[in-house]
Each structure stands twice: as structure tokens, then as C-alpha cells.
Amino acid sequence: MMRIHYLSLEFYMGRTLQNTMINLGLQNACDEAIYQLGLDIEELEEIEEDAGLGNGGLGRLAACFLDSMASLGLAAYGYGIRYEFGIFNQKISNGWQVEEADDWLRYGNPWEKARPEYMLPVHFYGRVEQTAKGVKWVDTQVVLAMPYDTPVPGFKNNTVNTMRLWSAKAPIDFNLQEFNVGDYIEAVLDRNLAENISRVLYPNDNFFEGKELRLKQEYFVVAATLQDIIRRFKSSKFGCRDPVRTSFETFPEKVAIQLNDTHPALAIPELMRILVDLEKLDWDKAWEVTRQTCAYTNHTVLPEALERWPINLFEKLLPRHLQIIYEINHLHLQRIAAMFPGDNDRLRRMSLIEEGDPKRINMAHLCVVGSHAVNGVARIHSEIVKNTVFKDFYEVEPEKFQNKTNGITPRRWLLLCNPGLADLIAEKIGDDFLTDLFQLRKLLDFIDEDSFICDIANVKQENKQKFAAYLEKEYEVKINPESIFDIHVKRIHEYKRQLLNVLHIITFYNRIKKDPSKHFVPRTVIIGGKAAPGYHMAKMIIKLITAVGQVINNDPVVGDRLKVIYLENYRVSLAEKVIPAADLSEQISTAGTEASGTGNMKFMLNGALTIGTMDGANVEMAEEAGEENLFIFGMRVEDVDAMDKTGYNAREYYERLSELRQVIDQIQTGYFSPKEHELFKDVVNMLMNHDRFKVFADYEAYITCQDRVNELYKNPKEWTRTVIRNIAGSGKFSSDRTISEYARDIWGVEPSDVKIPPPNEPPVESRK
């Protein structure tokens, strides 16, 4: 049987209790039992900590994939790191982000089981020795990897897979060698140095920080995981731990390794090291096995996010792996040189080693060369990958490049978070849609049924009331549930253009102030998300949003026609509350920058309308629901490319558009920071002089588009019919569909909808 191994440095799981009850088909029974005890299950659910072992999209995608792989009956394992501290908790203090440690294991974690019997050694540093018996990596420092297993139940199919997360442990003799005889206490305290490897998640989203500890984390997860995979491969009989298989011929037929971005890229040289140095395969055979086993998913084209490790760091930490990468590169460039004689510039562009001071290893190039399949995560992104970032590689091996548009699990992102909507859908079309989301198309049959339109609108209104009550309880802010809930939740990043949203908010505010007696469609704008602690501009953006909110929310002329809320500590469990309450989903990145997006899909499935650019999966959402049923605006990728050629001139827009000019002048002169007039000068300077993401270029189209949103909202029936068309078109965006495509096109396995018989029933044979 083929086993899938999904390698990721992030698994953004959120809470587990309710998801487990749902997938086991026990939710109603548990609700009732807890109620009989005089308790409230929701209260209990609110006590559980989020497992925040991820930053955003990439980590949450891994979590959705685990759910879908189990629900499709695949033999799949998630492999990652058991961070002691996940993504920081965000506090907003005087409008600024403050980080605090996420001590999520403080009260223990009931879902995990330590597996000390499978503990494995991982080596660092040392040197390489050429011996008669081959190459040896010697004088290394050892850290132990302790596995913790978390069960991953499929949806009502009696399949339970495993997520295995590694924790770093110092070996017993750590630092107690002969040179340390005198200081026993110091030596024991130094165990922390080894155990720091799994201490904390790096809090960067779409940004590469070349720190030694991070490289250690990347090698740690890969080295432990590959030993585990090979141990399992060698003991061919189930339950037998003695090595049986010794030939690696069949390895790629039994083992698939999926690399979630380049973070686990060291799997490629590590597998080569094991096969060549330890298992004594010849290089060519080992390379064939490695390539057929590994596949790589690219998640971004932003240059600052690409991993480029300095060679000196590599040489110190992983000397043997550096040699192997040099050899891979040598053979790779030899092959390219034979195909393109004399094209030295092509060799430079395609090398795994980037020249410069210092020289760096391009991990994406390593992944492309060392994998049999490379995929992007939405159609437009996969095209950009082929035409730009990996253009040279695509010309040589076009068959290697694929698209696998992301998806989300409908169990968590519909049934769990929006039971009212799920029930209403099931009433109309049955409940098979939960495992075959394309069935949502059937909802189009009821697009003209007044009672259904009314029911859909009522579910949304209930969700809005509930979220309004939550905000009032937790944050003491009152909001108008009749207003448009305009929601922009995601990591704070310049490319995601939260600033464009702010410009609209201030424009709307200025229009109310200019004509206070006019009727305006009321809005509550809710923006949330974390900024990387070292990302100054992102932190300034948060401060600007909160400052604008301070002014607008306290202006009596505005009343409850416009409110601006900053949603503190946005995380999976908060997404489950806010997304079902949304009317409008903001997906406004500059075209060509958001690889896919998955929040966009969650909003669509939960009955929000999308205002967005033709970027990432928005393109396919518009295709599925009909472009006229989304609020699409702004430049397309072609327009952005054209503007890059001619040059983007922000000042031209500033001078031409009077409303924009007023907004920028207000920010610049301290209208929103009366105590510190110059507070936002960095933000204004960026927008005016070096804005890579062309905020002003889309301003006019965005404002016009927001006016269209208001017009439609004034007609509740047409708004809701548009909502129904969106829900009906969201079937493609199930992660079940995504995983079925990975299984067939990359891993070479067929997903199955067969229910394993439960343990209390006899197996199928004896029932015949």
C-alpha cells in the first residue's frame, strides 16, 4: 500500500474537540450527555486552546489536507514540529500590536500521545571523512527527536490517520563529556540549547529569515521523519519492527513525500545521504528513487519569501548535505549545458547555488530539480510559476509542472462553524454534500423560491446577531447588526493591501461628513490579523487602522452608519465565529501576488459576497459562480506587468483624484493622530514613493466597486439570490477535490469512499 507523508513546518489545527465529535458522528450524543449533566457544551468548547502551530494559509492548508486525506481513506501521515510556543497571542494596546507567548501546553494537551519508543537521533555540525568504506559524517552533536502522535479522524468513515509532531530532547550524556567534568550543573542547564529546537514557531508569513535556529528546525523535522519512513518501509509485515526489506527498488511505489513549500526541502539531500552513505546505493539509483518519491508545492512568488541559505551556515551545520547539494548541482548543470551549449547565463540562472557574497543555496531550485512533480496552488499562480519564477525549468521539463487549486474542509468550515446554514442546505438537498461539495450546485434549483431566499437571509442575520453579541461581551463594542459586515481578516502584509481598505474607510467617512443628512448604507468594517513582530510597516498599518477607528467611532455626526473594529488576536477559533457572520469578504491583493488564498473560499461557502481583484483563487471563484456574482475590480496581472514596464507613478493618482488626495493629506497632517502629527509619515512616504503593490492604481476602481456593493445591499432579495449563487458555486473549493487531484496526478493512488467497518462489527469477509 502507498503511504503519503505530508511534510510541513506548520500545522494550524485550531481546536480539536468539536471537529472530533463531528467526524466520529458523536456530536448530538455528546451535546445531549453534557446537557444532562447540567453543563453547556459550547462553554466547554471555549475552554480549549487553539493549536496555533502555523502562521496563516500554508499551515491551515496542511490542517485541511489532513482532514481530507483521512476522509478520503488515504494512508497519510502529517509530519511536523511540536512547537512548545505557537503563533504569538496578539494584544492591541493603545492601538499598537503587542505580542505575548502562546503557552498552549500550559494545562497539557489531551489529544496527543508521546511515543518515546520511536525516539530517534538527529545529527548536527561535525565534519565529513572519506574512508575505505565510503563517506562518513563524524564528530556530530546529537539531539533526540521525540514523537507525539495526534489522531486525525476521517468524516464518518472509521479511518483514523496520524499527525506525528517531533519534539527536541537532549540525550542523557549531553555536554557531560570529559571536557565538562568540573561543571555538572552548567552541563545539565545546557540541555536547553538542544531542546530549543522545538521551542517556538517562527512568526513570519511570506518572509524568509535566515537564522541558524530555523535551519536546525528544518533539518530536525526532515531527519527524524525520513528515519521513521524508512523504518516503516523496511518492516514490511504490519506490527513487525525488524527490518525485512533491503531493496529500495519499490520505495517510490510505497512512499510519497509531499513538501509543503521549501521549508522541508532538506528531505531531498537527506534521502540521498541515507541511500548513498548508509544503504550503499549507487548515486544514479539513489537519485532516481529520491526524485520519484518527492514532490514540491510552491506557495509564493514574492522574492522576499524565497529561502536562500548562506553557504557558510550550511557548511557549519550540515557539511555532508552541502557536499550532496554541490553534486546534485554539478550533474544538473552538466545536463543543462548539454542541452544549451554556451548559454552561460542560463546556467547561472538555473544553478542551485547563487553567486554573491555570501553564496547562497536556492532551496526552490533544489526542490524543482529533486522532485518529480511541482505544483502551484491556483491556476493563475501555477501559470505565473511556469512563466516567471521557474521559467527556465519549465522549458526543460514542462511535464513536471502542475496546478492543484487549494481547497478547505467543509466539515470545519461549514458544518462545524455554521450549523444553521448546513442544516438549511441539508433540508434542501440531503447531507451528501459534506463529502461531495459539488452537490451544492443543486441549490440553484431554489434560486427563485421565496421561502428559501428568506431562510438563507435569516441564517445570516442570526449569525450576525450572535457575532455582535460576542463582540459586545468580549470587547464591549456595540455594532449595528443591520449594517453590512465588511470583513478583512488575514495576516497583515503590504501585498494584501489592508491599506487600500483603509483608504476606502476614510473616503466613506469623508462623504458622510460632507453630506451628513444624506442616506448611506450603514457599514461595520472589521479588520483583523497578526503582523510579524519584526515587520515595521505591518505594525504601522495596524496602528493606522486603530487610529482611524478612534476618530470615526467617536464622531457623533457619523453615528452608527460607519464603525471600524480591529479584531484582536485573529486565529482559527475566531475565524470560525467571524466568517459565518460576514456579508462582504475583502480579497484585494495586487493581482499576481496572492498565490491562492483560502479565506476567500471560506467566506464564499458561508454566504458572504466577495469584493476582490483577479488574483489567486478569486479567478476560479468568479468562474464557478459567474463573474457578475462577485464584485471584481482593479488591474489584472497583464495590467500590472504593463505598469511595471512603464513605471507606476503614485503622485499622478494623488494629483488627479481629489478624494484620494484628501484622504492622504488627512493621514499625513495628523487628522487621525492629533497627539503626534508625524506618526504615519512612513506609511504616506511608502504609498507616495515606493509602493511595490500599487495601492493608488486600484483606488478609483475599488471605491466605484464599493458603491456597487451598497447598491446591491439596498435590495435584500437580489443580494441573497447572489449569495445563493455563490454558495452553489463553491463546490470546487473543497479540499477533498484538491486531495483527490494530488492523489491521482502526483501520488499515484485512488481515493476511496469505502467505510472501514467499526471495531465492534465483524470484518467484511465474515459478514458475507
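Residues numbered from 1 in each chain as written. Predicted model: local features only at pLDDT ≥ 70, side-chain atom pairs only at ≥ 80, totals over all residues. Heavy atoms only, no water.

Asker: I'd like a description of the UniProt feature "modified residue: N6-(pyridoxal phosphate)lysine" (unreviewed entry) in the protein chain, backed by residues and values.
Answerer: Within this structure's numbering, the places UniProt gives as "modified residue: N6-(pyridoxal phosphate)lysine" (unreviewed entry) are Lys602. Tracing the backbone shows Lys602 in helix H23 (residues 599-605). (UniProt positions renumbered as here; feature names shortened; annotations may be inferred. Helix = DSSP H or I, 4+ residues; strand = E, 2+ residues; numbered from the N terminus.)

Asker: Would you mind going over the side chain of Arg721 in detail, with residue names and values included?
Answerer: Structurally, Arg721 is set in helix H30 (residues 716-728). Residue classification places Arg721 among the buried residues on the basis of a relative accessible area of 15%. If we skip the residues at most four places from it in the chain, Arg721 touches Ile447, Asp448 and Ile453. (Buried < 20%, exposed > 50% of the residue type's maximum accessible area, 1.4 Å probe, protein only. Contact = heavy atoms within 4.5 Å.)

Asker: Let's hear about a nonpolar patch on the surface: which residues, and what values?
Answerer: A cluster of nonpolar side chains, Leu176, Tyr184, Ile185, Val188 and Leu189, forms an exposed patch at the surface whose accessible area comes to about 480 Å². Its location among the elements puts Leu176 in the loop between strand E12 (160-169) and helix H5 (184-189). (Patch = residues over 30% accessible without salt bridge, like charges linked within 9 Å, V, L, I, M, F, W, Y side chains within 5 Å. Areas by Shrake-Rupley, 256 points an atom, 1.4 Å probe, with all protein chains shown as cover. Salt bridge = Lys/Arg side-chain N within 4 Å of Asp/Glu carboxyl O.)

Asker: Requested: an account of the environment of Ala132, with residues and values cited.
Answerer: Locating Ala132 in the fold gives a position in the loop between strand E9 (127-131) and strand E10 (134-138). Sequence separation of Ala132 and Phe733 is 601 residues, and the distance between their C-alpha atoms is 56 Å.

Asker: How would you sum up the pattern of salt bridges? Please name residues and give values.
Answerer: In the structure shown here, the tally under the stated rule is 64 salt bridges. Between Arg127 and Asp139 there is a salt bridge whose closest N-O contact spans 2.7 Å. Separated by twelve residues along the polypeptide, Arg127 in strand E9 and Asp139 in the loop between E10 and strand E11 (141-153) bring together distant segments of the chain. Close ionic contact of Glu354 with Arg308 constitutes a salt bridge, the shortest N to O distance being 2.9 Å. Here Arg308 lies in strand E15 (residues 308-310) and Glu354 lies in strand E16 (residues 353-354), a separation of 46 residues in the sequence. In this structure Arg308 comes out as partly exposed when scored by relative accessible area, which is 29%. Through salt bridges with shared partners, one network takes in Asp343, Asp345, Arg346, Arg348, Arg349, Lys391, Asp392 and Glu395.

Asker: An account of the state of the cysteines is needed here, citing residue identities and associated values.
Answerer: Structurally, a disulfide amounts to a covalent bond that connects the sulfur atoms of two cysteines. If you walk through the whole model with that rule in mind, you get zero disulfides. Not part of a disulfide, Cys294 finds its nearest cysteine sulfur in Cys367, a span of 8.5 Å. Overall, the relative accessible area of 0% leaves Cys294 in the buried class. (Disulfide = S-S within 2.5 Å.)

Asker: Before we move on, can you summarise the packing of aromatic side chains with the specific residues and values?
Answerer: In this structure the tally under the stated criterion is 27 aromatic pairs. On the numbers, 6.2 Å between centres and 90 degrees between planes, the contact of Phe390 with Phe393 is edge-to-face. Neither Phe390 nor Phe393 differs from the other in exposure class; each is buried. Ring geometry for Tyr470 against Tyr475: centres 6.5 Å apart, planes inclined by 75 degrees, an arrangement best described as edge-to-face. Relative accessible area serves as the criterion here: at 28%, Tyr475 is assigned to the partly exposed category. Geometry around Tyr148 places Arg82 over its ring, the cationic atom sitting 3.8 Å from the centre. One cation-aromatic arrangement involves Lys602 over Trp413; the distance from NZ or CZ to the ring centre is 4.2 Å. (Phe/Tyr/Trp six-rings, centres within 6.5 Å; stacked < 30°, edge-to-face > 60°. Lys NZ or Arg CZ within 6 Å of the ring centre and 35° of its normal.)

Asker: Talk me through the sheet that holds strand E22 (residues 562-567); I want residue IDs and the actual numbers.
Answerer: Strands sit in the order E22-E21-E20-E23-E24-E25 across an open sheet of six strands; the sheet is parallel. Since the sheet does not close on itself, it has two edges, and those belong to E22 and strand E25 (631-632), each with one partner. Examined bridge by bridge, strand E23 (residues 584-587) and strand E24 (residues 609-612) share four bridges and lie parallel to one another. Residue pairing across strands places Leu584 opposite Leu609, the latter belonging to E24. Packing against the sheet, helix H20 (residues 498-514) makes contact with strand E20 (484-489), strand E21 (523-528), E22 and E23, and its axis sits at approximately 155 degrees to E21. (Pairing = 2+ DSSP bridges. Axes fitted to C-alpha atoms, helices over the stretch in contact; angles between N-to-C directions.)

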